[in-house]
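Coordinates in review
This is what each chain is made of:
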Amino acid sequence: MPRYLICGDIHQNATGPGARKDSWPDEINAKLKFISELAAKNKCDAILQLGDCWNLKNPARTPHWLIQSTHDAMTTADVEWHFVAGNHDESNDRYDSIDRQPLGTLSKMRNMHLVYKQSEHFPDVYGIPYLQD
């Protein structure tokens, strides 16, 4: 029987909420490393991230260094990640341009996969674009 680790609502952000005193990306990346290592330790086949990987919908407000550091944290262990897009992942609530958005960029990197329609890896999981049919 396959084993999956499921998480959601990471809300990675370059600066984080203004009231925080620590580094939001460092804090989230530490948690992503933990998730990746936990999945590997428990011999999970993959990690399923249930949306809202990013906090800002506008791709211009999510810098490339943040996408790269997020990927580096997620791939601490060699476990595949599969993403369902959440409402914070789609600029202007437009799934048709997801390839040019932060989640689309992340999904093109090693061990990253975007789940839409029916997934070949998760036959009972359907990624339904937010506010779409």
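Structure's up top.
Quick caveat, the model's predicted, so the values are computed rather than measured.

Rules behind the numbers
Residues numbered from 1 in each chain as written. Predicted model: local features only at pLDDT ≥ 70, side-chain atom pairs only at ≥ 80, totals over all residues. Heavy atoms only, no water. Core = buried A, V, L, I, M, F, W, Y, C linked by side-chain atoms within 4.5 Å. Buried < 20%, exposed > 50% of the residue type's maximum accessible area, 1.4 Å probe, protein only. Helix = DSSP H or I, 4+ residues; strand = E, 2+ residues; numbered from the N terminus. Contact = heavy atoms within 4.5 Å. Pairing = 2+ DSSP bridges.

1. Considering the nonpolar core
Of all hydrophobic cores here, the largest spans 26 residues; its most connected members are Met74, Trp81, Phe83, Leu103 and Leu106. Contributions of two or more residues to this core are made by strand S1 (4–7), helix H1 (24–41), helix H2 (64–74), strand S3 (80–84), helix H3 (102–107) and strand S4 (112–115). Ranked by the residues each element gives to this core, the list is headed by H1, at five residues. Ignoring sequence-local partners within four residues, the contact set of Leu106 consists of Cys53, Trp54, Ile67, His71, Met74, Phe83 and Met112.

2. Things to note about unusual backbone geometry
Not every positive phi belongs to a glycine, and His11 is a case in point at roughly 50°. By secondary structure assignment, the location of His11 is in the loop between S1 and H1. The buried category is assigned to His11, whose relative accessible area is 16%. If you check the backbone angles, Lys43 has positive phi at about 55° while not being a glycine. Taking the relative accessible area as the measure of exposure, Lys43 reaches 67% and is therefore exposed.

3. Some remarks on the pairing of S3
Most of S3 sits inside the fold, with four of its five residues counted as buried. Sheet topology places strand S2 (residues 46–49) next to S3; four bridges connect them, and they run parallel. The partner of Leu48 across the bridge, within S3, is His82. With four bridges joining them, S3 and S4 adopt parallel strand pairing. Paired with Phe83 across the two strands is Leu114, which belongs to S4.

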